[in-house]
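Single-letter residue listing:
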Amino acid sequence: MENILGIIGGMGPLASNLFYRMVIERTQASCDQDHINMIILNDAGMPDRTGAILSGNTAEPMAKLKADALLLQQLGCKAICVTCNTAHWFVHRFENALTVPVISLVRETAKEMSALHPGGKIAVLATDGTVQTGLYQEELLSRGLTPYVPSPENQKNVMHLIYDCVKAGKPADLDALRSVCAEVESAGCDAALLACTELPIIKEEAGLSDFYTDPMQIMARKAIEFMGKQYV
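Residues numbered from 1 in each chain as written. Predicted model: local features only at pLDDT ≥ 70, side-chain atom pairs only at ≥ 80, totals over all residues. Heavy atoms only, no water.

Some thoughts on the sheet that holds strand β1 (residues 4-9)
Argument step 1. In space, the 3 strands of this open sheet follow the order β2-β1-β3, with parallel pairing throughout. At either margin of the open sheet sits one strand with a lone partner, and together these are β2 (37-42) and β3 (77-82). The mean angle between the axes of side-by-side strands here comes to 20°, regardless of whether they run parallel or antiparallel.
Argument step 2. Direction of pairing for β1 relative to β2: parallel, over a ladder of 6 bridges. Across the sheet, G6 pairs through a bridge with I39, a residue of β2. (Pairing = 2+ DSSP bridges. Helix = DSSP H or I, 4+ residues; strand = E, 2+ residues; numbered from the N terminus. Axes fitted to C-alpha atoms, helices over the stretch in contact; angles between N-to-C directions.)

Some thoughts on the sheet that holds strand β7 (residues 212-213)
Argument step 1. Spatial strand order, β5-β4-β6-β7: 4 strands in an open sheet with parallel pairing. Only two strands of the sheet have a single partner each, and these edge strands are β5 (146-148) and β7.
Argument step 2. Alignment of strand β6 (residues 191-194) against β7, held across 2 bridges, turns out to be parallel. Directly across from L193, in β7, lies its bridge partner T213.

Everything listed here is a matter of geometry and, on its own, says nothing about what the molecule does.
In structure tokens form, the structure reads like this:
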């Protein structure tokens, strides 16, 4: 198999499944052979990235993510995508040790936001780990954008939606979702990033508007184009 896209997933499995579907549905293809060859490494045993960052015990997920990336590289993958926002805090720290590129959904999303909303205010809806590392805030600031992080109350709602709803296999708590949406919309944001790969699942479920931007969709487009296919 040649021209392979590598995907490190399992964080969580539903998010990986959604990304796989995005790539399939958005690749211009008239037959099986027109699609992108992929190897999906569904590493469901990966330690919780937010918990590792907040506790300072980052060695295990760092080692496991790097080992997964090196395995995909060894298997001949041309590029690597990681279907977890928080995991990018780790990936950005070892990607220079790889000989194949990582298509960073954090960098690609910040680039997209700067093109669509130059000088704009962008809400970051993410795990506590992603928020506290400043992963998105730094990328947005570097491109002249103003990041907006929800209040402590609504940050708790975001975490509830991620962990107690999607990761637990339960429907979205619509009251919590409405509270988060009301805050970021009233704050005058130009867009809100669904900066945890569980949140796009809620976007589909609740029918949120395109004001709520899915970084995985941006990564899917970049991956399709990188692999020499047409995004539709």
